[in-house]
Amino acid sequence: MPESSHTTTIQSTATQIAIKLIRRESVTPEDGGCQNYIESLLAPLGFVRTHVDTGGITNSIYTRMGELNGTLAFAGHTDVVPTGPLEDWPHPPFEAVIADGPDGGILHGRGTQDMKGAIACWIAAISSLCSAFTPLPTLQLLITSDEEGDSIDGTIRIVEKMQADSTLPDAVIVGEPSSSQQVGDVIRRGRRGVVQIAAVFEGKQGHSAYPDDADNAIHIAAPALEKITKINWGKATEGFPATTCQITNIQAGTGATNVIPGSCFVSIDIRYNPGIDFEGIEQRIFAACEDAEVVLDIQHQAEVFSTPDGEFLDQVCASIKQITGIETLRDTGGGTSDGRFLAAAGIPVVELGLTNSTIHQVGECVALHELETLTSIYSDIIINFEAK
Ligand SMILES: [Zn+2]
C-alpha cells in the first residue's frame with residue numbers, strides 16, 4: 001500500500017463526484033440530473049430525499065437521522081451560470097478535464113468552484129465518516145437549482161418546507177466559494193442587504209428655444225440626485241463595511257440637442273449594513289426627492305444578515321485551523337447569497353467553500369488539492385459539531 005493511500009482515497013472521492021456533477025450540464029435554472037445523482041450517492045448512506053420542487057425548479061432536502069444530538073445542514077446549488085462562447089474555454093466546460101497545474105492537477109469546468117466542487121467535498125466527507133461508523137449529528141443537504149437565477153423558487157421554498165415540517169437545522173454551512181488565496185482563509189458570516197430603486201423624474205418635453213413652455217426633467221432630477229449622493233448612510237458596523245449608494249443609470253433626452261427632455265429615468269443600487277434598515281433607507285430617499293416630481297419604485301432585493309460571534313463560528317474557524325493552520329477572516333463582503341433565506345429563519349449561517357478566483361468566468365477551474373483540503377475541513381466540522 002502506498003503511504004498516502006488514505007489521503008488519496010479522500011481526494012479521489014471528492015474529485016470523482018465533482019467530475020460527475022460537472023458533466024451533468026445544469027445552466028440555471030436547470031438541474032441536469034445532478035440531484036438524482038446526489039440521491040444515488042446519499043441513499044446508501046441512510047439519507048432520505050424530500051422533493052421541494054416549485055415553479056419548475058428542482059429542490060431537494062436530503063436527511064440522515066443522526067446518532068448524536070443536533071442537526072447540521074449543508075446548503076448549496078446545482079445550477080451554474082452560462083458558459084459564454086465555448087471556443088473561449090481552454091477545455092470544454094462540461095467535460096471536467098483534469099490538466100496539469102503548478103501544484104498538481106487542475107479540474108476544469110463550469111461549476112468547479114461555484115459550487116459543484118464544494119457539494120462533492122461535503123458528500124465525500126460524509127461518505128468517509130459513514131464508512132468509518134463515526135457517530136454523527138443529524139445531517140441535511142439543502143440543494144436548489146435556482147441560486148444563480150431569480151432565487152424565487154429555490155432555497156426560500158426549502159426553508160418554508162422545513163418551517164412547515166419543524167425540521168429547521170441548528171446551523172448551516174453554505175458551500176459558496178468564500179475563500180480568497182487558499183481554502184479556509186475567508187468565511188462569510190453575513191452579507192450586506194440590497195435595495196434597488198427605479199426613479200422616473202417627470203417634466204414636460206419642449207423645444208430648447210422655448211424653455212418657458214417646457215419643464216426640463218434633467219433639471220428636476222439633478223438637485224435630487226445631488227442630495228442622494230450626499231446622504232449620510234452611517235458607519236461601518238458589526239464586521240460590515242459602511243452602507244454604499246451608487247447611481248448606476250441615467251437616461252433622458254431623445255438624442256437631439258434642441259429637445260428638452262420630458263422625463264428622466266434613474267436607477268440606484270444600495271448595499272446596506274445592519275446599522276440601517278429598509279425603512280430608514282426609504283425615508284432618506286424620500287427626503288432627498290421631496291421637492292421633485294418623481295415616481296419612485298423602491299425594491300428590497302435582499303435583506304442584510306449577520307451570524308453573531310459565537311460557538312458555531314468559533315468551531316468552524318477551529319476546524320479550518322486544525323486542517324490548514326490558517327487564521328480565518330470572518331468577512332461579510334461580496335454580493336448577496338442564499339444564506340439570507342436561512343439566516344432569516346434564525347439559523348446561524350457560515351459560508352465556507354473553495355477559492356473564488358475563476359467563478360462566473362471563462363475557464364472556471366479548481367486545484368485538486370483544494371478539494372482534498374475542503375473535504376478534510378468539512379469532515380472536521382461535522383465530527384466536532386455540537387448543537388446549542
Ligand atoms: Zn454559487
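Residues numbered from 1 in each chain as written. Predicted model: local features only at pLDDT ≥ 70, side-chain atom pairs only at ≥ 80, totals over all residues. Heavy atoms only, no water.

A. The arrangement of the sheet that holds strand 12 (residues 244-252) in detail. Reading across the sheet, the 4 strands line up as 12-14-10-15 and stay open at both edges, with antiparallel pairing between neighbours. Pairing within the sheet leaves two strands with one partner each, and these edge strands are strand 12 and strand 15 (294-302). Neighbour-to-neighbour, the strand axes of the sheet open up by a mean angle of 15°, direction not taken into account. Relative to strand 15, strand 10 (residues 193-202) is paired through 8 bridges, and the arrangement is antiparallel. The partner of Phe201 across the bridge, within strand 15, is Val294. Contacts between helix 6 (residues 278-288) and the sheet are confined to strand 10, strand 14 (263-272) and strand 15, with strand 15 contributing the most and set at about 160° to the helix. (Pairing = 2+ DSSP bridges. Helix = DSSP H or I, 4+ residues; strand = E, 2+ residues; numbered from the N terminus. Axes fitted to C-alpha atoms, helices over the stretch in contact; angles between N-to-C directions. Contact = heavy atoms within 4.5 Å.)

B. Highlighting helix 3 (residues 112-131). With 17 of its 20 residues buried, helix 3 lies for the most part within the structure. Directly beyond the C-terminal end of helix 3, a positive phi value near 55° is found at Phe133. (Buried < 20%, exposed > 50% of the residue type's maximum accessible area, 1.4 Å probe, protein only.)

C. Structural context of the domain arrangement of the protein. Domain parsing of the protein yields domain 1 (5-191 + 304-384) and domain 2 (193-302). Taking the mean C-alpha position of each, domain 1 and domain 2 sit 38 Å from one another. Taken together, the 9 residues of domain 1 in the interface contact 12 residues of domain 2. Between domain 1 and domain 2, a total of about 680 Å² is buried, with carbon and sulfur atoms accounting for 60% of that surface. (Domains from an automatic or database assignment. Buried area = accessible area lost by both parts, 1.4 Å probe.)

D. View of the coordination of the zinc ion. In the first shell of the zinc ion, the protein supplies His77 (NE2), Asp114 (OD), Glu176 (OE) and Glu176 (OE), at 1.9 to 2.7 Å from the metal. Around the zinc ion, the 4 donor atoms are arranged such that angles at the metal cover 52 to 144°; this shape is classified as irregular. Counting residues between consecutive donors of the zinc ion along the chain gives the motif H-x36-D-x61-E. One end of the pair, His77, is in strand 3 (residues 71-77); the other, Glu176, is in the loop between strand 7 (171-174) and strand 8 (186-188), and 99 residues separate them in sequence. On the basis of relative accessibility, which here comes to 9%, the residue Glu176 falls in the buried class. (Donors = N, O, S within 2.8 Å, 3.2 Å for Na, K, Ca; no water. Tetrahedral: all angles 85-135°; square planar, octahedral: opposite > 155°, others 65-115°.)

E. Expanded view of the pairing of strand 3. Burial within strand 3 is extensive, with 7 of its 7 residues counted as buried. In strand 3, alternate side chains face the same way, and those of Thr71, Ala73, Ala75 and His77 on one face and Leu72, Phe74 and Gly76 on the other are all buried. Direction of pairing for strand 3 relative to strand 6 (residues 138-144): parallel, over a ladder of 7 bridges. The residue bridging Leu72 from the neighbouring strand is Leu139, located in strand 6. Summarising the sheet, strand 3 and strand 7 pair through 4 bridges and their orientation is parallel. Counterpart to Ala73 in the pairing with strand 7 is Val172.

F. Molecular detail of empty space enclosed by the protein. Summed over all chains, the structure comprises 1 cavity of 30 Å³ or more. Space inside the largest cavity adds up to approximately 40 Å³. In this structure, the largest cavity is lined by Ala75, Gly76, His77, Met115, Glu147, Thr155, Val174, Glu176 and Asp338. A breakdown of the residues in the lining of the largest cavity according to their chemical character gives 3 nonpolar, 3 polar and 3 charged. (1 Å grid on protein atoms, 1.4 Å probe; cavity = no way out; pocket = protein on both sides within 12 Å on 5 of 7 lines; lining within 4 Å. Points joined across faces, edges and corners; volume = space filled by probe spheres on them. Nonpolar A, V, L, I, M, F, W, Y, C, P; charged D, E, K, R; others polar.)

G. Main features of the confidence of the model for the protein. Chain-level statistics for the protein give a pLDDT mean of 94 and a share of 97% at 70 or above. Across residues 1-10, where pLDDT falls below 50, the model places 2 contacts with residues more than four positions away in sequence or in other chains. (pLDDT = per-residue confidence, 0-100.)

H. Geometry of the pattern of salt bridges. Going through the model one piece at a time under the given rule, you end up with 15 salt bridges. The salt bridge partner of Asp331 is Arg188, with a shortest N-O separation of 2.4 Å. On the criterion of sequence distance, the pair formed by Asp331 in strand 17 (residues 329-331) and Arg188 in strand 8 is long-range, its members being 143 residues apart. You can call Arg188 buried: its relative accessible area is 12%. Notably, a salt bridge pairs Glu327 with Lys321, separated by 2.6 Å at the nearest N-O pair. The class for Glu327 is exposed, based on a relative accessible area of 59%. When salt bridges with common partners are traced through the structure, they connect Arg189, Asp309, Asp314 and Arg330 into a single cluster. (Salt bridge = Lys/Arg side-chain N within 4 Å of Asp/Glu carboxyl O.)

I. Molecular detail of the pairing of strand 5 (residues 104-108). Within strand 5, 4 of the 5 residues are buried, leaving the element largely enclosed by the surrounding structure. Relative to strand 5, strand 4 (residues 98-101) is paired through 4 bridges, and the arrangement is antiparallel. Residue pairing in the sheet places Ile98 in a bridge with Leu107 of strand 5. Between strand 4 and strand 5, which pair antiparallel one after the other, the connecting turn spans 2 residues. Across 3 bridges, the pairing between strand 5 and strand 19 (residues 365-367) is antiparallel. Within the sheet, the bridge partner assigned to Leu107 lies in strand 19 and is Val366.

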